[in-house]
Amino acid sequence: MSVIAPKFRLGYFLKSLTDNIFWIIVLFTLVGMPAIMLILFFIDLPVLDGTLLTPFLAFTMIFHPETGVPLLKSLLYSDFFRIAAFPGFGFAALLAAGTIFAERKLLAKLQLRVGPFYCGKFEGILQLMADGLKLISKEIIIPAKADKPIFWAAPILFVATAAAFVSLIPVAPGWVVADLDVGLLAVFAIIGFFPIITILSAWSANSKFPFIGGIRALHQMVSFEIPLILSLLGVVILTGTLNLSKIVESQSNYWFIAFLPIGAIVFFISMLAELERIPFDLPEAESEIVAGWLTEFSGMIYGLVQLGSYLKLYAFAALFVVLFLGGWQGPMVVPPFPAEIITHGIVAGPITIHVPGLPITTQEMLNGTLWFTLKTVAVIFFILIPRGVFPRIRIDMLLSIGWNKLIALAFINIFIALGLLYAGVLGPGGLL
Amino acid sequence: MGTATGIIRALNSGIKHLAVKRFTLRYPEEKLKFVGDGYQYDPTSGVGIAGYKGRHMLFHDKCTGCQLCAIACEGVAEAIAMVKVPEEWKHNKKSIMPQIDYGKCVFCGLCVDACPFYALYMTNDYELSSFSKEALIYTPSQLQVKPEVKQDVDIVIDKRGATHG
Amino acid sequence: MTARLPPGLQLEKVDDRIMTLNVGPQHPGSGHMRLIIKVDGDYIVSCDPDPGYVHRGEEKMAEYRNYITNIPHLERPVIHDSCNILYPYCLGVEELLGLEVSERAKYVRVIASELNRFTYTLYWLAIYGIFLGHSTMFMWPAGDRELAIDLLEKLTGARVTHSYFVPGGVRNDLPANFEDVCLRQINYLEKRLKAYADIFYDNPILIARTEKTGVLSREDAIRLGTTGTVLRASGVDYDVRTKEPYDVYDELDVHTNVLKNGDSYDRSKTPWLDMLESCNIIRQALEKMPKSGSVRVKLKPNPKGGNDEVYKRVESGRGSLGAYIVSRSKPEPYRVKLSVGSFRNLICMPYLLKGEKLGNMPAVYWSLNYWPVEADR
């Protein structure tokens with residue numbers, strides 16, 4: 001859309017096209033073909049029903065309608081897909097990328113300016129890709145006196161911990177990567193791991209500003225963990241279980257936020273502090289200590305830290321939705337799968353194709369995913385708005401809020417929950 | 001309680017501003033419009049005429065080579081030097097005219113105020129970048145050319161905010 | 001160890017607890033000047049400002065230029081507020097040369113001076129917001145400043161360093177249709193300024209961060225010789241525009257904003273209230289301006305003053321700005337001295353920052369309305 005790009009000339013375009021085709025052919029012949037030969041040499045093809053499963057047979061099976069859909073379904077319900085794509089890393093990374101772009105555009109609109117604008121046909125929608133490519137192409141500079149193994153390991157640990165956190169969140173009934181009976185306790189354990197990673201990365205950089213930033217981050221994260229955990233005790237009291245899927249199922253009639261609003265507010269504020277979002281972004285205060293504990297990270301390591309940060313944001317928002325806003329519960333808006341296709345097959349004129357095992361995804365799953373995504377997006381919107389509205393808070397104000405006011409409010413919340421339970425209004429065997 | 005109402009009012013104001021129009025000027029697709037034709041000076045009345053102080057424009061049929069512009073610039077930026085031109089004018093016996101070095105000019109307009117013959121004006125042209133310092137020295141024949149400016153955008157204020165449109 | 005030191009040096013005992021921080025010119029939290037701060041844990045023990053990073057010898061160079069060529073030169077200390085820094089110079093030279101300025105020129109000068117107050121104060125407010133971590137308070141004033149700069153561009157021909165005031169009036173008259181455009185943009189600017197109240201001045205986090213920090217009592221403000229918004233935030237009712245009126249300020253109705261507490265919050269609020277007052281002044285001036293008259297006096301070439309000296313004062317965005325001019329019957333002035341508000345308020349910095357927490361340092365230091373380039377000249 002921008003006229004800053006050079007003008008189009010047909011000769012240059014054809015030249016670049018033929019260049020690309022040439023290099024693809026060269027790479028395929030010199031690298032791809034030997035690799036395929038090696039694989040076919042050394043790996044034994046499995047035997048399926050008496051016939052050898054050659055690649056040709058595999059392709060035929062995928063595209064034939066009778067065997068294709070069950071194959072797809074088995075892939076969808078496998079463990080690998082769960083971890084890598086749907087409720088796991090892929091889904092979270094997609095929402096995290098969307099959050100970064102939405103944050104920039106939302107902040108820009110609030111500040112009466114355009115955000116990313118030139119990097120895609122429509123309002124800069126490919127800006128993230130451009131930023132990712134830029135970060136990959138940069139050199140990773142490590143300070144000479146830094147502790148190299150920990151310096152390299154810290155961002156990777158950060159992303160791994162954030163991904164572990166993401167794996168505990170249930171997105172739709174039955175769709176969760178790790179369905180633990182002590183799910184909530186596992187969440188607390190993982191949250192307790194983040195300050196250690198922060199202080200490790202700050203300490204290993206061996207420089208003044210990351211040191212100050214790391215100490216501030218440690219103070220902030222540790223002092224807000226206690227109100228975080230206490231505010232969730234109200235929910236646990238009312239449901240009697242620590243399993244996240246069962247907590248969602250017990251909100252089928254009402255959402256917990258209606259009866260525990262104080263707990264929700266305490267959890268929200270502690271969440272902002274754990275994520276180092278404004279108004280609590282002291283560890284990264286730009287006007288005082290250049291960039292806090294992120295100062296020495298450059299290139300793709302910085303990209304990994306940002307990815308971990310935004311995965312953590314998605315996971316916390318999803319946890320808020322699961323605990324207080326009813327998870328995937330919501331009225332059924334997805335239309336049911338037409339029954340004739342299951343019994344008679346797809347009819348297109350004179351041809352009738354029988355496709356067994358057709359409803360790939362159940363109606364509950366689609367409906368649950370839709371409501372979960374809508375609620376998570378709404379919570380993320382409310383996390384992003386304070387960035388444009390509040391200034392940064394000071395360290396002594398932060399500590400007094402975390403240790404005095406929020407713990408008191410969390411205890412009031414617990415008493416309210418206990419009162420509701422013993423009065424027989426809520427909880428197992430209650431009125432609702 | 002005052003704290004809570006203050007926070008809610010701040011959030012409310014922030015969310016209300018999501019409906020206000022964006023103010024950015026998308027240069028270089030949009031360029032700002034200026035009043036008039038550039039800063040000019042009327043020696044008889046002694047008052048200038050309001051306009052943008054951009055690149056100068058020299059009228060060869062009025063310049064007499066009196067050097068008053070170069071003398072005025074001496075105390076400020078020393079950007080004007082008189083050079084010989086290969087033209088012959090009746091009112092310019094020495095055939096010298098000013099050349100302006102835009103690497104040094106501060107665009108103050110005192111040279112325009114100094115000219116008594118209506119020969120030196122300023123125009124609306126501000127895009128003067130070049131690839132070398134020598135290209136920034138504009139000879140009298142280059143200063144004669146009227147710049148082509150395509151400026152069409154102004155600040156528009158309406159109910160939903162101010163934009164450049 | 002007990003060797004004799006050269007005169008002027010002193011030995012400093014290094015303490016284990018005290019760390020010396022160099023909040024220098026290359027720091028995202030300082031202007032273009034250096035503060036040498038000694039910190040004990042989280043509390044500032046002493047602060048030593050080190051101005052002079054951008055000293056360019058403006059006053060000495062002014063002795064080599066005549067009265068007219070000094071105009072583009074003397075406006076460089078504060079480029080946004082250039083009309084205000086030329087104002088006392090022009091008033092002084094007019095008295096030395098015995099020039100008579102027309103009424104219309106005086107009104108145009110008042111309008112340009114108040115518009116410059118907008119551009120300077122909005123820039124200062126933007127940087128104050130970003131020092132406190134409030135990115136919206138950086139973008140909004142920087143965007144709204146464009147409205148005032150657009151008006152100045154239509155009037156004077158340049159966005160900054162306008163070179164607009166000359167001894168004898170102003171350089172050019174108003175362009176066509178200026179009154180309508182000016183009124184419309186000033187009304188919109190006033191609406192935008194009032195919107196800052198909800199998001200910044202009534203924001204509980206800002207109030208908790210800046211209230212009761214850097215308190216300057218009324219007696220101390222008078223004793224240290226402060227000026228401008230710093231003085232008015234400490235309870236002293238002094239504004240050069242009302243107490244020593246120049247040009248047509250005695251015919252306009254100017255209301256001085258005085259706040260009582262003298263802490264950083266009041267010092268950050270006074271310039272905003274002053275800006276709202278400037279809107280009224282511009283509207284009054286546009287109404288009362290005479291509709292015709294020449295705005296510039298035709299000068300003889302190379303004007304010379306007699307053996308005389310003159311001192312004139314004006315209220316700029318930072319405080320009282322004075323010019324002291326000595327002339328000795330030559331086209332160039334013998335001495336030009338600018339007495340600027342920033343340099344007078346500099347004394348408050350070591351006085352107020354002692355005993356403050358380190359987190360309060362940007363809030364207190366920038367609220368003193370200090371512009372490093374002007375203080376260094």
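Residues numbered from 1 in each chain as written. Chains lettered and ligands numbered in written order. Predicted model: local features only at pLDDT ≥ 70, side-chain atom pairs only at ≥ 80, totals over all residues.

**Quick notes on the overall build of chain A**
Let me state the cut-off plainly: Strands are runs of DSSP state E lasting at least two residues, helices are runs of H or I lasting at least four, and both sets are numbered from the N terminus onward. Any residue with 12 or fewer other C-beta atoms within 10 Å of its own C-beta is exposed, any with 20 or more is buried, and the rest are partly exposed; the C-beta atoms used are placed from the backbone. Placing C-beta atoms from the backbone, we regard two residues as in contact once those atoms come within 7 Å.
The number of helices and strands found in chain A is 17 helices and four strands. Dimensions of chain A, computed from the C-alpha atoms along their principal axes, are close to 70 × 60 × 50 Å. When each of the 432 residues of chain A is scored for burial, the buried share is 34%. Partitioning the contacts of chain A with sequence separation of at least 6, the portion at a separation of at least 24 is 78%.

**Remarks on the overall build of chain C**
This is how the line gets drawn: Throughout, the radius of gyration refers to the C-alpha atoms, and the reference size of a globule is 2.2 Å times the residue count to the power 0.38.
Helix and strand counts for chain C stand at 15 helices and eight strands. Relative to a compact globule of 377 residues, whose C-alpha radius of gyration would be 21 Å, chain C shows 22 Å and is just as compact. Taken over the C-alpha atoms alone, chain C extends approximately 70 × 55 × 35 Å along its principal axes.

**Notes on the sheet that holds strand E6 (residues 307-315) of chain C**
Residue and element names in this part refer to chain C. To keep it simple, the criterion reads: For two strands to pair, DSSP has to find at least two bridges joining them. In this analysis an axis means a line fitted to C-alpha atoms, helices contributing only their contacting stretch, and an angle means the value between N-to-C directions, from 0 to 180 degrees.
Reading across the sheet, the three strands line up as E6-E7-E8 and stay open at both edges, with antiparallel pairing between neighbours. The outermost strands of the open sheet, each flanked by one partner alone, are E6 and strand E8 (335-339). On average, each strand axis in the sheet is inclined to that of its neighbour by 10°, with strand direction left out of account. Pairing analysis gives five bridges linking strand E7 (residues 320-328) to E8, with the strands arranged antiparallel. Looking at E8, one finds that Ile325 is bridged to Val336.

**Topic: the interface of chain B and chain C**
Which entries qualify depends on this criterion: Gly is placed with the polar residues, together with every amino acid not listed as nonpolar (Ala, Val, Leu, Ile, Met, Phe, Trp, Tyr, Cys and Pro) or charged (Asp, Glu, Lys and Arg).
Counting residues at the interface gives 30 residues for chain B and 33 residues for chain C. Among the elements of the structure, helix H1 (2-16), strand E2 (47-49) and strand E8 (155-158) of chain B are those that each provide at least two residues to the side of chain B that touches chain C. Ranked by residues supplied to the side of chain B that touches chain C, first place goes to H1 of chain B with seven residues. Split into classes, the residues belonging to the side of chain B that touches chain C amount to 17 nonpolar, eleven polar and two charged.

**Side note on the nonpolar core**
Put simply, the test is: Residues of type Ala, Val, Leu, Ile, Met, Phe, Trp, Tyr and Cys that are buried and joined through C-beta atoms within 7 Å form what is called a nonpolar core. Each domain's limits were defined by an automated method or a database of domain assignments.
One finds Val166, Ile169, Leu311, Tyr314, Ala315 and Phe320 of chain A together with Cys111 of chain B to be the most contacted residues of the largest nonpolar core, which totals 217 residues. The element best represented in this core is helix H13 (residues 300-324) of chain A, accounting for 17 residues. Counting contributing residues per domain, this core is built from domain 1 (18-50) and domain 2 (58-376) of chain C, each supplying no fewer than three.

**Points about the confidence of the model for chain C**
Just so we agree on the cut-off: Confidence of the predictor at the level of single residues is captured by pLDDT, which takes values from 0 to 100.
When pLDDT is averaged along chain C, the result is 87; 99% of the residues meet or exceed 70. Among the prediction metrics, the complex's ipTM stands at 0.87, with pTM recorded as 0.86.

**What about the interface of chain A and chain B?**
Many descriptions give the size of an interface as the accessible area lost when the pieces come together. On the chain B side, the residues contacting the ten residues of chain A number eleven residues. Elements with a contribution of two residues or more to the side of chain A that touches chain B: helix H5 (89-110) and helix H16 (386-389) of chain A. A breakdown of the residues in the side of chain A that touches chain B according to their chemical character gives seven nonpolar, one polar and two charged.

**Looking at unusual backbone geometry**
Put simply, Ile278 of chain A and Pro279 of chain A share a cis peptide bond, and its omega is 10°. Its location among the elements puts Pro279 of chain A in the loop between helix H12 (261-274) and H13. Backbone geometry places Leu112 of chain A, a non-glycine residue, at a positive phi of 60°. For Tyr118 of chain B, which is not glycine, the phi torsion reads 60° and is therefore positive. Position of Tyr118 of chain B relative to the elements: it lies in the loop between helix H3 (110-114) and strand E6 (120-122).

**Here's the deal with the sheet that holds strand E2 (residues 34-40) of chain C**
In a beta sheet, neighbouring strands pair by backbone hydrogen bonds and run either parallel or antiparallel. Residues and elements named next belong to chain C. Spatial ordering of the open sheet is given by E1-E2-E3, a layout of three strands whose pairing is antiparallel. Both edges of this open sheet fall to strand E1 (18-23) and strand E3 (43-50), since each of them pairs with a single strand only. Going from strand to strand, the sheet's axes swing by 20° on average, the running direction of each strand aside. Relative to E2, E1 runs antiparallel, the two sharing six bridges. From the neighbouring strand, Ile18 faces E2, where its bridge partner is Asp40.

**Describing the environment of His32 of chain C**
Tracing the backbone through its elements, the reader meets His32 of chain C in the loop between E1 and E2. Leaving out residues up to four positions away in the same chain, His32 of chain C has contacts with Pro25, Tyr53, Val54, Pro372 and Val373 of chain C.

**Looking at helix H15 (residues 363-384) of chain A**
Residue and element names in this part refer to chain A. The line we're drawing: An expected span of 1.5 Å times one less than the residue number is assigned to each helix.
Under the 1.5 Å per step criterion, the end-to-end length of H15 is 32 Å for 22 residues, consistent within 8% with the ideal 32 Å. Listed in full, the buried residues belonging to H15 are Asn367, Gly368, Thr369, Trp371, Phe372, Lys375, Thr376, Val379 and Ile380. Against H5 and H13 lie the buried residues of H15.

**A word on the domain arrangement of chain C**
Residue and element names in this part refer to chain C. Under the domain assignment, chain C is made up of domain 1 (18-50) and domain 2 (58-376). Taking only C-alpha atoms into account, the centre of domain 1 sits 28 Å from that of domain 2. With twelve residues of domain 1 in contact, the opposing surface of domain 2 contributes 14 residues. In terms of residue count, E3 provides more of the side of domain 1 that touches domain 2 than any other element does, six residues in total. Considering only residue class, the side of domain 1 that touches domain 2 consists of six nonpolar, four polar and two charged.

**Regarding the environment of Ser245 of chain A**
Summarising the element assignment, Ser245 of chain A is placed in helix H11 (residues 244-249). When neighbours within four sequence positions are excluded, Ser245 of chain A is seen to be in contact with Pro170, Val176 and Asp179 of chain A.

**Observations regarding the confidence of the model for chain A**
This prediction gives chain A a mean pLDDT of 83; 92% of its residues lie at or above 70. Of all secondary-structure elements in chain A, the lowest mean pLDDT belongs to helix H14 (residues 339-343) of chain A, at 68, while H12 of chain A reaches the highest, 91.

**Quick notes on the packing of H5 of chain A against H13 of chain A**
For any two helices packed against each other, one specifies the crossing angle of their axes together with the interaxial distance. Residues and elements named next belong to chain A. Under the convention used in this document: Angles below 35 degrees are treated as roughly parallel, those above 145 as roughly antiparallel, those between 65 and 115 as roughly perpendicular, and all remaining angles as oblique.
Two numbers describe how H5 lies on H13: the axes approach to 9 Å, and their chain directions differ by 100°. Between H5 and H13, the angle falls in the class roughly perpendicular. When H5 is examined against H13, the residues Ala92, Ala93, Leu95, Ala96, Thr99 and Ile100 are found in contact with a partner set consisting of Leu307, Tyr310, Leu311, Leu313 and Tyr314. Across the contact of H5 with H13, the residue classes break down as ten nonpolar, one polar and no charged.

**Looking at the packing of helix H7 (residues 148-166) of chain A against H13 of chain A**
Residues and elements named next belong to chain A. So the rule is basically this: In this scheme, a crossing is called left-handed if the near helix is turned counterclockwise away from the far one by less than a right angle; it is called right-handed if the turn is clockwise.
Where H7 meets H13, the axes come as close as 8 Å, and the angle between the chain directions of the two elements is 20°. Classed by the angle they form, the pair H7 and H13 counts as roughly parallel. Like other packed secondary-structure pairs, H7 and H13 cross with a definite hand, here left-handed. Judged by residue contacts, Pro155, Ile156, Phe158, Val159, Ala162, Ala163, Phe165 and Val166 of H7 engage Ile301, Leu304, Val305, Leu307, Gly308, Leu311, Lys312, Tyr314 and Ala315 from H13. Counted by class, the contact of H7 with H13 contains 15 nonpolar, one polar and one charged residues.

**Considering the pairing of E7 of chain C**
When a strand is regular, its side chains alternate between the sheet's two faces. Residues and elements named next belong to chain C. Relative to E7, E6 runs antiparallel, the two sharing nine bridges. Each residue of the ladder has a partner; that of Tyr311, found in E7, is Tyr324. Following E6, the chain reverses through four residues before pairing antiparallel with E7; Gly319 in that reversal takes a positive phi of roughly 145°. Counted between consecutive antiparallel strands, the loop separating E7 from E8 contains six residues, among which Ser329 sits at a positive phi close to 55°.

**Description of the environment of Leu307 of chain A**
For Leu307 of chain A, the location among the structural elements is in helix H13. Spatially, the C-alpha atom of Leu307 of chain A lies 41 Å from that of Glu66 of chain A, the residues being 241 residues apart in sequence.

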